[in-house]
Amino acid sequence: MKSAREIIDSYDGRPLRIMEVCGTHTHEIFRLGIRRILPPGLKLISGPGCPVCVTPCGYIDEAVSLALEKNAVICTFGDLIRVPGSNMSLASARSRGAEIRTVYSPLDALELAQSDPDRQVVFLSVGFETTTPGSCLAVRKAAERGVKNFSILSANKTMPRAYEALKGSADAFLYPGHVSVMTGTALYERLCAEGVSGIVTGFTADEILTALAAVVELSRSGKPFFRNCYPRVVRPEGNPAAVRLMDQVMEPCDAEWRGLGMIPGSGLKFRDRFAPFDARVKFGISELRGRDNPACSCGRILRGECMPPDCPLFGKVCTPAHPAGACMVSGEGACSAFYQYGEKIDE
Amino acid sequence: MNERVTLAHGAGGQQTTELIDRVFKAHFSNPDFTADDAAVLTLDAGRLAFTTDGFIVSPCEFPGGNIGKLSICGTVNDLSCMGAKPLYMTCAFVIEEGFPMETLERIAAAMAATAKEAGVRIVAGDTKVAGRGQVDGVFITTTGIGRVMEKANLSGSRAKAGDAVIVSGDIGRHGCTILLARNEFGIEAPDVKSDCAPLWSTVEPILRAVPGIHVIRDATRGGVGTVLYEIAGQSRVGICLDAASVPVAPGVRGVCGMLGLEPLYLACEGRIVIFAPKESAPEIVKTLRSCPGSEDAAVIGEVTEEDPGKVVMLTEIGAKTLLPRPGGELLPRIC
């Protein structure tokens with residue numbers, strides 16, 4: 001039997017574009033140097049699976065305004081802090097006196113609110129089905145405990161509509177292992193019936209190479225396909241308890257994706273009875289429309305239309321130390337990975 | 001006992017004397033540690049190495065050590081990496097008002113024990129007390145002087161193409177320990193302890209066993225990855241790192257896997273990276289492995305003419321990629 005590596009190495013069929021949708025996949029693919037060993041016919045492109053990368057500029061503006069104008073304590077995962085907003089990042093807001101704290105869980109933010117009842121604490125909730133249940137749990141606990149000074153600024157997104165928006169961007173998708181743990185695989189079966197091919201896989205070298213070999217093998221028939229190559233972790237039914245929790249606390253809404261624009265039904269907002277924990281309701285702010293750097297190509301990169309080095313800003317004005325676009329900020333963003341792991345070592 | 005340090009302990013009066021007598025003199029006592037304004041020392045002729053380092057680690061006590069032990073190791077190891085036998089040290093404390101006396105005693109005791117282990121004498125010191133909130137717990141600065149071994153010629157600028165890159169043991173334990181000791185992640189890993197150790201007893205045997213070692217550097221803040229980039233830059237050479245051969249303890253690997261961290265960037269406090277001609281690598285590794293704490297020493301890469309200033313990594317699938325340059329938010333207050 002041929003190894004995954006042999007199957008990949010010997011591929012000489014029509015050019016295949018394979019989009020990894022998950023930021024962790026992007027990072028691992030670069031860390032392992034997988035792009036460097038692919039034959040010319042196989043091309044990996046990085047899709048919109050890094051929550052930081054698809055968070056629109058206006059969201060950062062909202063958070064900055066809550067911190068500076070409403071004097072709220074902002075709690076966030078670390079990688080949002082340096083994402084540029086229209087005028088400034090949360091890091092620059094912090095240097096102007098805003099209180100911005102890094103937390104590792106929304107529950108840490110809730111605890112902070114309970115320990116300091118005189119301050120308003122806002123947790124910045126971005127991410128997909130993997131991180132959303134944590135925010136929902138924090139809100140449910142805040143409601144149970146009657147906490148009045150805790151709220152969430154949400155930019156949570158769900159993947160199904162994004163896949164539909166990305167139809168045609170690639171010949172096959174590497175579906176995200178962690179998101180699929182929550183959502184299960186029914187969606188992928190449905191997409192397959194609609195002509196979209198993809199593989200669910202994990203994050204080790206063997207798992208990623210196996211998925212690529214599966215794409216190569218299954219593409220031969222010319223028919224759409226779906227395989228779960230991560231069955232020890234991803235079950236077809238997903239995690240119904242987490243899905244129920246999300247459904248109890250949040251409901252679908254339209255959402256803006258940096259680079260992809262508005263995708264109907266791809267976001268989540270709080271249901272009415274949890275509205276007191278919605279920072280937009282609590283502080284009476286309306287969603288802001290931010291202004292991205294017009295020269296930044298993050299949007300086209302996220303749609304697979306160009307590669308990071310094609311962007312005029314890449315490596316010049318836009319570097320991990322001074323990011324102009326979101327894909328350069330997060331360690332899981334395509335531009336950051338390209339820059340750090342070196343597209344070509346001798347460049 | 002819940003005695004605490006007060007501002008009076010730093011005011012220079014009777015309480016200061018009491019603090020010094022009870023905590024510092026009691027532990028640091030040696031013939032060169034006097035009540036005079038400065039230690040008067042007689043040194044043999046020859047080259048001296050001289051260095052200083054500040055320590056602000058949080059928390060100040062952690063599995064495998066405390067800020068006191070760290071403050072001796074840090075300076076002893078910097079001297080050792082220049083091929084210098086550590087001889088004398090000074091230490092300056094800035095202590096926060098309200099700091100528990102008992103903890104301070106433990107810190108002083110660890111300093112004394114580590115200095116003894118390293119064969120170095122503490123000959124002078126200073127104590128200041130700052131108001132509550134003006135420092136966090138205790139900050140220590142140590143300065144050390146050592147005699148450079150006659151034939152040692154070590155510098156970060158001396159790495160050459162064809163050198164082997166050797167690490168003296170498993171990496172990333174100190175950084176991982178501090179990360180967990182802050183209790184922000186709810187992860188427990190009882191087998192992860194700081195590697196904090198004085199290294200002259202590791203450096204001296206290899207310098208005696210193998211002449212012609214080019215570079216020795218201790219991997220502290222920024223970890224082994226940072227050292228590799230420093231040497232690649234300072235010596236204008238390329239470094240090819242074989243990722244699979246880098247020793248990492250299973251507990252550290254597990255924690256890094258969970259938190260998405262790269263062990264190559266996590267701080268060590270008892271590890272050195274050695275650059276020496278490839279032919280001498282087996283002897284160096286053998287000598288290291290006979291030193292306590294260095295049993296996992298290994299060759300992790302080699303120096304190349306290509307790609308000067310860069311660290312290229314051979315990944316586990318056999319592809320070559322750049323090791324990302326360390327930067328951004330490395331963990332603060334690690335040492």
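Just so it is clear, the structure is predicted and the values come from calculations on it, not from any experiment.

1. Observations regarding the interface of chain B and chain A
Listed per partner, the contact involves 17 residues of chain B and 16 residues of chain A. With 3 residues, the top contributor of residues to the side of chain B that touches chain A is strand β13 (residues 320-322) of chain B. Here the side of chain B that touches chain A is built from residues that sort into 6 nonpolar, 4 polar and 7 charged.

2. A short note on the domain arrangement of chain B
All names here are of chain B. Split into domains, chain B comes out as domain 1 (7-148) and domain 2 (163-322). Domain 1 puts 23 residues into the contact, and the matching count from domain 2 is 22 residues. Of all the secondary structure elements, the ones that give two or more residues to the side of domain 1 that touches domain 2 are α2 (67-80), β4 (84-96) and α3 (101-118). A total of 9 residues in the side of domain 1 that touches domain 2 trace back to one element, the largest contributor, which is α2.

3. Section: the domain arrangement of chain A
Residue and element names in this part refer to chain A. Assigned domains within chain A: domain 1 (1-289) and domain 2 (298-341). Taking only C-alpha atoms into account, the centre of domain 1 sits 18 Å from that of domain 2. Tallying the contact residues gives 26 residues for domain 1 and 17 residues for domain 2. Among the elements that line the side of domain 1 that touches domain 2, the one with the most residues is helix α2 (residues 23-32), at 6 residues.

4. Examining the nonpolar core
Membership of the largest hydrophobic core comes to 213 residues, with the highest contact counts inside it found for Ala63(A), Ile74(A), Val122(A), Val138(B), Leu228(B) and Ile274(B). Per-element tally for this core: the top contributor is helix α12 (residues 205-219) of chain A, with 8 residues. Setting aside residues up to four positions removed in sequence, Ile74(A) forms contacts with Ala63(A), Leu66(A), Ala67(A), Leu90(A), Ala98(A), Glu99(A), Ile100(A), Arg101(A), Val122(A) and Leu124(A).

5. Description of α2(A)
Residues and elements named next belong to chain A. Here α2 lies mainly inside the structure; 9 of its 10 residues are buried. When we look at burial in α2, the residues that qualify are Gly23, His25, Thr26, His27, Glu28, Ile29, Phe30, Arg31 and Leu32. Two residues or fewer after α2 comes glycine 33, characterised by a positive phi angle close to 75°.

6. A short note on the environment of Leu241(B)
Residue and element names in this part refer to chain B. Relative to the assigned elements, leucine 241 resides in strand β9 (residues 238-242). Owing to 22 C-beta atoms within 10 Å, leucine 241 belongs among the buried residues under this scheme. Taking C-alpha positions, leucine 241 is 49 Å from threonine 34, a pair spaced 207 residues apart along the chain. When residues no more than four places from it in sequence are discounted, the contact partners of leucine 241 are Leu228, Ile300, Gly301, Val311, Met313, Leu314 and Leu323.

The rules behind the values
- Once a new chain begins, its residue numbering starts again from 1 and follows that chain's sequence as written.
- To label them, take the chains in the order written and letter them from A, then take the ligands in the order written and number them from 1.
- Only residues with pLDDT of 70 or above have their local features reported here, since the model is predicted, and side-chain atom pairs are shown and tallied only from 80 upward, although totals for entire chains, interfaces and linings are computed over all residues.
- Note that contacts rest on C-beta atoms placed from the backbone: two residues are in contact if these are within 7 Å.
- Strands here are runs of E lasting at least two residues and helices are runs of H or I lasting at least four, both read from the DSSP assignment and numbered beginning at the N terminus.
- Polar here means any residue outside two lists: the nonpolar Ala, Val, Leu, Ile, Met, Phe, Trp, Tyr, Cys and Pro, and the charged Asp, Glu, Lys and Arg; Gly therefore counts as polar.
- Residue ranges labeled as domains rest on an automatic or database domain assignment.
- To define a nonpolar core, we join buried Ala, Val, Leu, Ile, Met, Phe, Trp, Tyr and Cys residues through C-beta atoms within 7 Å and take the resulting set.
- Labels follow a simple rule on C-beta atoms placed from the backbone: if 20 or more others lie within 10 Å of a residue's own, it is buried; if 12 or fewer, it is exposed; otherwise it is partly exposed.

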